[in-house]
Structure formats: C-alpha cells, structure tokens
Amino acid sequence: MNLVFDFGVVLFNWQPAKLLAATFPERLPTDESARHLAHLVFGHEDWHSFDGGTMELDEVVRRTAVRLDLPHAALHRLVSGIGDHLTPVDESVAVVQRLQQRRRQQGDLRVYFLSNMPMDFARVLEQRHAFLKGFDGGIFSGDVKLIKPDPAIFALMESRFSLVPQNTVFIDDLKANVAVARSRGWHGIHFESSAQMAADLKALGY
C-alpha cells in the first residue's frame, strides 16, 4: 500500500490568519477580518502561481501589497519568514514515523508526500526536519510547476513513483484535493485532526 501525505495542516502547522493578524493588528481587529484577508492573500491566483513555482517571492509580495494596499516591507517579512512558522504537528509526525518504521521492518507499504509548497519553503523544510528523509519520495508543487487539485499532479505522482491508484491512500485537509484523488481511484482520507487520521489509517490496517 502507498500512503501519501499532504504537508500544510496535516504534518506542519499552517495558520495564515494568525500570521496576518500578528503582522497587521491595526487592520485586523477580529478573527473574521483576519480569515478574510488570509483568503484574499493565500487564495488568490498570484499565490497559486507562487505555490506552483511560476512566480518568485518578491513578485508575489509586490503584487499582493499593491492589490490589497498592504505595507510592502511588513508583508515581505511575513512571506519570507513563513518557513520558520511551518512547525511540525507532533501527533501527526508520530503517525508518519510509526509508518516509516513499519516500512523498514515489514516492507508492506511505502510513505510519500504530495504538497502545495513554494520552492523557497520546501527547501527550508528539507533542511530542518530529519523525518522527511524517511519518506520514499514525494512532490512539492513548486518543483514541478503543478498544484493540487489539478489532476495532472496526481498523475505525475502515479507515474514518477509507479503508484497503483487502488493501492494508494491520500491524506489531505482540503476536501477538493481528496475528491480529485478519489476520482482517480485512490482511497482518500479527509484530515480533520491527528487522532482522526490515525484512527482512519488503523481502520485500513495501518
């Protein structure tokens, strides 16, 4: 069996509204206003281009600052420092490490990742977190110029790692991404918590 994990929210903490609220407290007095701005920043096509490796960090900051009338210097500090805020979700990492150990001992599964991640942040994670070396492989969107939920990035996973869809389980916090995986014949787990993910995997025998 192949187990494929998303990174943001699933294995690494990603709280964009809180980051924005800490950076622009005078503009974001409520949680709702912070969530709204997070959608405007990180849900925009410019950010998707940054995720997909077709726009550089400086350019996405410049365009976002102009579009949303945000202070450029503060926004640049926030975006360039995101890698520092992508800290591991300890409970989820423990699940992955247990599976990696089983893979070494029993050889009955493979553990991969599939993450929408700009190249800048992907390199930070690779350098800082030793448990990533335990994966059998994976794809960062910025490296391949494709992003989820584009079916093409799932097809690339299949071809690059010889994944058989019916023997592959995909875990992601976004329902749209899970839906595309399922449409290709993968099994899908919609991540809501580390405990729920662990329980769903154990129900599958993992």
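Residues numbered from 1 in each chain as written. Predicted model: local features only at pLDDT ≥ 70, side-chain atom pairs only at ≥ 80, totals over all residues. Heavy atoms only, no water.

Looking at this model, I keep getting lost on the overall build of the protein chain. Mind explaining?
A tally of regular secondary structure across the protein chain gives 12 helices and five strands. In summary, the protein chain has a C-alpha radius of gyration of 17 Å against a globular reference of 17 Å for 206 residues, a match within 12%. When the backbone C-alpha atoms are referred to their principal axes, the protein chain occupies close to 55 × 30 × 30 Å. Looking at the 206 residues of the protein chain, the share that counts as buried comes to 49%. Nonlocal contacts in the protein chain, meaning residues at least 24 apart in sequence, comprise 65% of its contacts between residues at least 6 apart. A distance of 5 Å separates the average location of the 22 positive side-chain charges in the protein chain from that of its 25 negative side-chain charges. (Helix = DSSP H or I, 4+ residues; strand = E, 2+ residues; numbered from the N terminus. Rg over C-alpha atoms; globule rule 2.2 N^0.38 Å. Buried < 20%, exposed > 50% of the residue type's maximum accessible area, 1.4 Å probe, protein only. Contact = heavy atoms within 4.5 Å. Lys, Arg positive; Asp, Glu negative; His and termini not counted. Charge placed at Lys NZ, Arg CZ, Asp CG, Glu CD.)

Sorry, what's going on with the pattern of salt bridges here?
Opposite charge on two side chains lets them pair, provided their charged atoms get close. Using the criterion set out here, one finds 11 salt bridges in the structure. Here Arg62 ties to Glu59 by a salt bridge, and the two come within 2.8 Å at their closest N and O atoms. Separated by three residues within a single helix, Arg62 and Glu59 lie in helix 4 (residues 57-68), roughly one turn from each other. Classification of Arg62 as partly exposed rests on a relative accessible area of 41%. Judged by its relative accessible area of 28%, Glu59 is partly exposed. Linked through salt bridges whose partners overlap, the residues forming this network are Asp46, Glu59, Arg62 and Arg63. (Salt bridge = Lys/Arg side-chain N within 4 Å of Asp/Glu carboxyl O.)

I'm lost on the side chain of Lys148 in this one. Help?
Structurally, the position occupied by Lys148 is in the loop between helix 9 (141-144) and helix 10 (151-161). Judged by relative accessible area, Lys148 falls into the buried class, the value being 5%. Looking at Lys148, its side chain comes within polar contact range of the side chain of Asp6, at 2.8 Å. At 2.9 Å, the side chain of Lys148 and the backbone oxygen of Leu114 are in polar contact. Setting aside its immediate chain neighbours within four residues, Lys148 contacts Asp6, Leu114, Ser115, Asn116, Ile153, Phe154, Phe170, Asp172 and Asn177. (Polar contact = N/O pair within 3.5 Å; in protein donor to acceptor, adjacent residues only side chain to side chain.)

Is there a simple way to explain the packing of aromatic side chains in this structure?
Aromatic ring pairs are reported here in terms of the distance separating the ring centres and the angle at which the planes meet. Inspection of every chain in the model, using the stated rule, returns 16 aromatic pairs. For the ring pair Phe113 and Phe140, a centre distance of 4.8 Å and an interplane angle of 45° mean the geometry is tilted. Placement of Phe113 in strand 2 (residues 110-115) and of Phe140 in strand 3 (residues 137-140) is noted, with a sequence separation of 27 residues between them. Take Phe113 and Phe140: they sit in the same class, and that class is buried. (Phe/Tyr/Trp six-rings, centres within 6.5 Å; stacked < 30°, edge-to-face > 60°.)

Even after reading the chapter, I still don't get the sheet that holds strand 2, so can you show me in this structure?
One open sheet accounts for five strands, arranged 3-2-1-4-5; its pairing is parallel. Single-partner strands in this sheet number two, and they are strand 3 and strand 5 (187-190). Strand-to-strand, the axes of this sheet are offset by a mean angle of 15°, without reference to chain direction. In this structure, strand 4 (residues 168-172) lies alongside strand 5, joined through four bridges in parallel fashion. The residue of strand 5 that forms the bridge with Val169 is His187. Sitting on the sheet, helix 11 (residues 175-183) touches strand 4 and strand 5, and the angle it makes with strand 5 is about 170°. (Pairing = 2+ DSSP bridges. Axes fitted to C-alpha atoms, helices over the stretch in contact; angles between N-to-C directions.)

Please clarify how the pairing of strand 3 should be interpreted in this entry.
A regular strand places its side chains so that they alternate between the two faces of the sheet. Here four bridges tie strand 2 to strand 3, and the two strands are oriented parallel to one another. Note that in strand 3 the partner of Tyr112 across the bridge is Gly137. A crossover links strand 2 with its parallel partner strand 3, the connecting element being helix 8 (residues 119-128), and its sense is right-handed. (Right-handed = clockwise from strand over helix to strand, strands pointing away.)

Before we go on, may I ask you to explain the nonpolar core in this structure?
The tendency in soluble globular proteins is for nonpolar side chains to be buried side by side. Counting residues in each nonpolar core, the largest one holds 54 residues, and the members touching the most others are Phe5, Phe7, Phe135 and Leu201. Contact partners of Phe135, with chain neighbours within four places excluded, come to Phe5, Phe7, Leu11, Val96, Gln100, Val111, Tyr112 and Phe113. Tyr112, Val144, Val180 and Ala181 belong to the second largest nonpolar core, which has 14 residues in total. (Core = buried A, V, L, I, M, F, W, Y, C linked by side-chain atoms within 4.5 Å.)

What should I look at first to understand helix 1 (residues 16-23) in this one?
Residues lying three or four places apart along an α-helix face the same way, a consequence of the helix completing one turn every 3.6 residues. Taken together, the buried positions of helix 1 are occupied by Pro16, Ala17, Leu19 and Leu20. For helix 1, the buried positions fall inside an angular range of 160° around the axis, keeping them on one side. Opposite the buried face of helix 1, by more than 90 degrees, sit the exposed residues Lys18 and Ala22. Check the buried side of helix 1 and you find it contacts helix 2 (31-42), helix 5 (72-80) and helix 6 (82-85). (Arc of directions from axis to C-beta.)

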